[in-house]
Amino acid sequence: MHTPLDIPALIATLRRVLPERERIALHEPEFGLAERQALLECLDSGYVSTVGKHVERFEGELAAYTGASHVVAVVNGTAALHIALKLVGVEQGDEVLMPALSFVATANAASYCGARPHFVDSEFTSLGMDAAALDEHLRHIAVASKEGWRNRETGARLAAIVPMHTFGHPVDLDALVALSERWHIPLVEDAAESLGSFYKGRHTGRAGRISALSFNGNKIITTGGGGAILTEDAKLAERARHITTTARVGRGWTFQHDEVGYNYRMPNLNAALGCAQVMRLPAFVAEKRTLAARYREALRDVAGLKFVAEPADTQSNYWLCAVLLDEARGNTSCDLRDTVLQATNELGIMTRPAWNLLHTLPMYADCPRAALPVAEALARRLINLPSSPHLGRV
Ligand SMILES: *Cc1c(COP(=O)(O)O)cnc(C)c1O
């Protein structure tokens, strides 16, 4: 269905929902007295670097909030994904199934393992990985081998399935867990955008064997830079702790290491900030949901677009609010989207397009991929709206 977009009505509506300011950011972090105090206390203690009481406390708070059995805090979300993939057995020459519509970090993490991304399509409801389309794709391209399923064209092993919760909206995890079990390919959730998002009452990042969170400056809470690994598996958690702290063994002053490790653990200073931020997470989520409800209600009468609402049976953190533009059948241009981006940004309302699809980036152009009709349509039609928590404060 195609209705011409009413751009003046869209702009009038955004102005009505948003406060009167010269410039409204896409997403701003927010810090108060608690953050200042936590950082100063950490400086005064002298323990600013690798491991300290704030790291353990932050991990404990995240475990309590998400319900995850084990949490390992690391330097950023990309590092968390890298280790998650490594721990489910992704190796040199493998392929990792992931949505083409994601941030570049999802693909980079596979590359760090010496593997290649294998891009699959998304669906309109969640904006995330389409389990049915992936199942169909696997039926066409997968052949069984002793080591597991292989891509019949490249010969590479299909080593992991990595869905991502786009803008905080949970993907259909039940369908993806069933798919992962049917094909015996481990599921790793890129939950970088979905801290505070729940699927059927359960926090995202708990359905995969192992998952990754991010606390980058633009995410729902921030530690400056930071990430975390979530898992229900005690052995995997122990392995994650070990290889993210240079694989050190023994105690005292011996510099003994038993494999090639990584210097990936979150510094205490960042964790101190995280401890203060995580206390505000429930309020941030509530404010973002209020903002989303306002956008949704106000945009209902604007012709030619639809507000992207959380899928049924999920509770989204609405990390980034978004609209999906209507489009005439057969359209392959981004012109309408770019006109809206131009008009809103000129007024100081920071809107943004979705990511360029990963297979269009030069380093991933030759990677294997399924047909991507929905991802392509979404990339042309999605626009993110200003989404800072304070915009939803009454
Ligand atoms: C933010 C993000 C990451 C990576 O997190 P960093 O902490 O920036 O390394 C990974 N995947 C997705 C989808 C993200 O949005």
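Thresholds applied
- Residues numbered from 1 in each chain as written.
- Predicted model: local features only at pLDDT ≥ 70, side-chain atom pairs only at ≥ 80, totals over all residues.
- Heavy atoms only, no water.
- Buried < 20%, exposed > 50% of the residue type's maximum accessible area, 1.4 Å probe, protein only.
- Helix = DSSP H or I, 4+ residues; strand = E, 2+ residues; numbered from the N terminus.
- Arc of directions from axis to C-beta.
- Contact = heavy atoms within 4.5 Å.
- Near = heavy atom within 4 Å.
- Polar contact = N/O pair within 3.5 Å; in protein donor to acceptor, adjacent residues only side chain to side chain.
- Areas by Shrake-Rupley, 256 points an atom, 1.4 Å probe, with all protein chains shown as cover.
- Nonpolar A, V, L, I, M, F, W, Y, C, P; charged D, E, K, R; others polar.
- Domains from an automatic or database assignment.
- Buried area = accessible area lost by both parts, 1.4 Å probe.
- Salt bridge = Lys/Arg side-chain N within 4 Å of Asp/Glu carboxyl O.
- Phe/Tyr/Trp six-rings, centres within 6.5 Å; stacked < 30°, edge-to-face > 60°.
- Patch = residues over 30% accessible without salt bridge, like charges linked within 9 Å, V, L, I, M, F, W, Y side chains within 5 Å.
- Pairing = 2+ DSSP bridges.
- Axes fitted to C-alpha atoms, helices over the stretch in contact; angles between N-to-C directions.
- Core = buried A, V, L, I, M, F, W, Y, C linked by side-chain atoms within 4.5 Å.

Trainee: Describe helix α7 (residues 173–183), naming the residues involved and giving the relevant values.
Mentor: Along α7, the positions that sit buried rather than exposed are Leu173, Leu176, Leu179, Ser180 and Trp183. The arc that holds every buried residue of α7, seen down its axis, measures 125°, which confines them to one face. On its buried side, α7 packs onto α6 (131–141), β4 (142–145), β5 (148–151), β6 (158–161), β7 (188–190) and β8 (198–199). Count one or two residues on from α7 and you reach His184, which has phi positive near 55°.

Trainee: Mind laying out the site of the ligand, listing which residues take part and the relevant values?
Mentor: Near the ligand lie 15 residues; those nearest to it are Gly77, Thr78, Glu193, Ser214 and Lys219. Here an oxygen atom of the ligand and a backbone polar atom of Gly77 are 2.7 Å apart. Relative to its unbound accessible area of 380 Å², the ligand is 93% covered by the protein chains. Elements with a minimum of two residues in the shell around the ligand: α4 (77–87) and α5 (104–112). Each residue belonging to the shell around the ligand can be placed in one class, and the counts come to four nonpolar, eight polar and three charged.

Trainee: An account of the domain arrangement of the protein chain is requested, with residue identities and associated values reported.
Mentor: Assigned domains within the protein chain: domain 1 (7–30 + 281–393) and domain 2 (33–278). Placing a centre on the C-alpha atoms of domain 1 and another on those of domain 2 gives a separation of 25 Å. If you look at the interface, domain 1 gives 45 residues, while domain 2 gives 49 residues. For the pair domain 1 and domain 2, the summed buried surface comes to about 3,900 Å²; carbon and sulfur atoms form 69% of the total. Interface area lost by domain 1 to domain 2 is led by Leu281, Trp319 and Trp355, which between them contribute 20%. Across the contact surface, domain 1 and domain 2 share zero salt bridges. The interface formed by domain 1 and domain 2 contains 23 residue pairs in polar contact (both at pLDDT 80 or more).

Trainee: Help me get a handle on the packing of aromatic side chains, residues and values and all.
Mentor: The relative placement of two aromatic rings is captured by the distance of their centres and the angle of their planes. If you walk through the whole model with that rule in mind, you get eight aromatic pairs. Note on Phe58 and Phe215: the rings are 5.1 Å apart at their centroids and 65° apart in plane angle, and the pair reads as edge-to-face. One end of the pair, Phe58, is in helix α3 (residues 53–66); the other, Phe215, is in the loop between β10 (210–214) and β11 (227–231), with 157 residues separating them in the sequence. Taking relative accessible area as the criterion, Phe58 reaches 0% and is therefore assigned buried. Taking relative accessible area as the criterion, Phe215 reaches 0% and is therefore assigned buried.

Trainee: A description of a nonpolar patch on the surface should follow, citing residues and the corresponding values.
Mentor: On the surface, Leu40, Leu43 and Val48 cluster together to form a nonpolar patch covering roughly 260 Å² of accessible area. Relative to the elements of secondary structure, Leu40 occurs in helix α2 (residues 33–45).

Trainee: Explain the pattern of salt bridges to me, and be specific about the residues and the numbers.
Mentor: If you walk through the whole model with that rule in mind, you get 17 salt bridges. Arg289 is the salt-bridge partner of Glu310, the closest N and O atoms lying 2.6 Å from each other. Within this pair, whereas Glu310 is found in the loop between β14 (305–307) and β15 (314–315), its partner Arg289 is found in helix α10 (residues 281–299), the two being separated by 21 residues in sequence. A relative accessible area of 23% means that Glu310 is categorised as partly exposed. Residue Arg289 is classed as partly exposed on the basis of its relative accessible area, which comes to 23%. In this structure, Asp338 engages Arg337 in a salt bridge whose closest nitrogen and oxygen atoms are separated by 3.1 Å.

Trainee: A description of the sheet that holds strand β2 (residues 95–99) should follow, citing residues and the corresponding values.
Mentor: Strands sit in the order β3-β2-β6 across an open sheet of three strands; the sheet is parallel. This sheet does not close on itself; its edge strands, each paired only once, are β3 (116–120) and β6. Adjacent strand axes in the sheet meet at a mean angle of 35°, parallel and antiparallel pairs treated alike. Bridge count for β2 against β3 is five bridges, and the pairing is parallel.

Trainee: Give me the nonpolar core: which residues, what numbers.
Mentor: Phe58, Leu85, Val90, Val96, Phe215 and Leu382 are the most contacted members of the largest nonpolar core, which totals 78 residues. Element by element, the count of residues in this core is highest for α4, at seven residues. Taken domain by domain, the makeup of this core includes at least three residues from each of domain 1 (7–30 + 281–393) and domain 2 (33–278). The next biggest cluster of nonpolar side chains, apart from the first, holds 26 residues, and it includes Leu18, Ala292, Leu299 and Leu341.

Trainee: Residues and numbers for the sheet that holds β14, please.
Mentor: Pairing within the open sheet is antiparallel, and its four strands lie in the order β14-β16-β18-β17. If you trace the sheet from one side to the other, it starts and ends with β14 and β17 (352–353), each paired once. Here β17 pairs with strand β18 (residues 382–384) via two bridges, running antiparallel. Within the sheet, the bridge partner assigned to Pro353 lies in β18 and is Ile383. Packing against the sheet, α10 makes contact with β14 and β16 (322–325), and its axis sits at approximately 155° to β14.

Trainee: Residues and numbers for the environment of Trp355, please.
Mentor: Mapped onto the fold, Trp355 is located in the loop between β17 and α12 (373–381). Look past the residues within four positions of Trp355 in its chain and what remains in contact with it is Leu101, Ser102, Phe103, Met164, Thr166, Phe167, Glu193 and Ala379.

Trainee: Give a detailed account of the environment of Glu193, specifying residues and quantitative values.
Mentor: Positionally, Glu193 belongs in the loop between β7 and β8. Considered as a pair, Glu193 and Thr166 are 27 residues apart in the sequence and their alpha carbons are 6.8 Å apart. When neighbours within four sequence positions are excluded, Glu193 is seen to be in contact with Met164, His165, Thr166, Phe167, Gly168, Lys219, Asn317, Trp319 and Trp355. Within the structure, Glu193 has its side chain in polar contact with the backbone nitrogen of Phe167 (distance 2.7 Å).

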